[in-house]
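# Tertiary structure, described
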Amino acid sequence: MLARLLRPKHVASAHCDLPCGVYDPAQARIEAESVKAIMEKYVANEDPVFRTRALIIKEQRAELVKHHLWVLWTDYFKPPHLETYPQLHQLFWDATKLAGAAGGKGTVDPKQADDLLAKIDEISKIFWATKAA
């Protein structure tokens, strides 16, 4: 009797924890574009004070890239997405590793940022395909 009284009257389900409009790979892309722009400015400038500031900001932006990717990975994508897109694990692994290498690992090579942006683009295509489904 008690179990029947405590049982919810309505059961709801969703594939994400909030309305899907809160998720967008563009957030990671914007930060990755900032990382690339900072790298280009770093390479073009010889001032040691400017370069130090650029490295600090670049590392902060790279951490934000990782954060936005992890939010997509842990909050948006679910097991059914992995069944359809089994490469998701590897894409997120590669992208977050590239974000780490572009940030705190010390590279200032814009090519590294280009590789990161390419991975984010791949993730974005899958994201939008799942939103359309």
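Further up the page is the structure itself.
For the structure given in this document, a descriptive report is provided here. (Residues numbered from 1 in each chain as written. Predicted model: local features only at pLDDT ≥ 70, side-chain atom pairs only at ≥ 80, totals over all residues. Heavy atoms only, no water.)

## Describing the pattern of salt bridges
Applying the stated rule across the entire model yields 8 salt bridges. Measuring nitrogen to oxygen at the nearest pair gives 3.0 Å for the salt bridge that ties Arg-29 to Glu-33. One end of the pair, Arg-29, and the other, Glu-33, are both in helix α2 (residues 26-43), 4 residues apart, so they sit about a helical turn from each other. Exposure remark for Glu-33: the relative accessible area of 37% places this residue in the partly exposed category. The salt bridge involving Asp-94 is made with Lys-119; its shortest N-O contact spans 3.5 Å. Note that Asp-94 is positioned in helix α5 (residues 88-102) and Lys-119 in helix α6 (residues 110-132), a separation of 25 residues in sequence. Three or more residues joined by partner-sharing salt bridges are found here, namely Arg-29, Glu-33 and Asp-121. (Salt bridge = Lys/Arg side-chain N within 4 Å of Asp/Glu carboxyl O. Helix = DSSP H or I, 4+ residues; strand = E, 2+ residues; numbered from the N terminus. Buried < 20%, exposed > 50% of the residue type's maximum accessible area, 1.4 Å probe, protein only.)

## Overview of the side chain of Lys-66
Structurally, Lys-66 can be placed in helix α3 (residues 48-76). Take Lys-66: its relative accessible area is 14%, and that puts it in the buried class. Reaching out from Lys-66, the side chain makes a polar contact with the side chain of Glu-63 at a distance of 2.9 Å. Contact partners of Lys-66, with chain neighbours within four places excluded, come to Thr-96, Ala-99 and Gly-100. (Polar contact = N/O pair within 3.5 Å; in protein donor to acceptor, adjacent residues only side chain to side chain. Contact = heavy atoms within 4.5 Å.)

## Some details on α5
Between its first and last C-alpha atoms α5 spans 21 Å; for 15 residues at 1.5 Å apiece the expected length is 21 Å, and the two agree. Every buried residue of α5 is listed here: Leu-88, Leu-91, Phe-92, Ala-95, Thr-96, Leu-98, Ala-99, Gly-100, Ala-101 and Ala-102. In this structure, the buried side of α5 is in contact with α2, α3, α4 (79-84) and α6. (Expected span 1.5 Å × (residues − 1).)

## Quick look at α6
In this model, α6 (23 residues) spans 33 Å end to end at C-alpha, consistent with the 33 Å of a helix rising 1.5 Å per residue. If you check which residues of α6 are buried, you get Gln-112, Ala-113, Leu-116, Leu-117, Ile-120, Ile-123, Ser-124, Ile-126, Phe-127 and Thr-130. Looking at the buried residues of α6, the elements they touch are α2, α3, α4 and α5.

## Some thoughts on the packing of α2 against α6
Packing of α2 against α6 brings their axes to within 9 Å, and their N-to-C directions diverge by 170°. Judged on the interaxial angle alone, α6 and α2 are roughly antiparallel. Of the residues in α6, those touching α2 at Ala-28, Arg-29, Ala-32, Glu-33, Lys-36, Met-39 and Glu-40 are Pro-110, Ala-113, Asp-114, Leu-116, Leu-117, Ile-120 and Asp-121. A breakdown of the residues in the contact of α2 with α6 according to their chemical character gives 8 nonpolar, no polar and 6 charged. (Axes fitted to C-alpha atoms, helices over the stretch in contact; angles between N-to-C directions. Parallel < 35°, antiparallel > 145°, perpendicular 65-115°, else oblique. Nonpolar A, V, L, I, M, F, W, Y, C, P; charged D, E, K, R; others polar.)

## Overview of the nonpolar core
In terms of nonpolar packing, the biggest core is built from 20 residues, with Leu-69, Leu-72, Phe-77, Leu-116 and Ile-123 touching the most fellow members. The set of elements that each furnish at least two residues to this core consists of α2, α3, α5 and α6. The contacts of Leu-72, once residues within four sequence positions are left out, are Tyr-23, Asp-24, Pro-25, Phe-77, Phe-92, Ile-123 and Phe-127. Ranked by size, the runner-up nonpolar core spans 5 residues in total, among them Val-35, Ala-62, Ala-102 and Ala-113. (Core = buried A, V, L, I, M, F, W, Y, C linked by side-chain atoms within 4.5 Å.)

## Here we look at the environment of Tyr-23
Relative to the helices and strands, Tyr-23 resides in the loop between α1 (2-6) and α2. Judged by relative accessible area, Tyr-23 falls into the buried class, the value being 5%. The spatial distance from the C-alpha of Tyr-23 to the C-alpha of His-68 is 8.9 Å, given a sequence separation of 45 residues.

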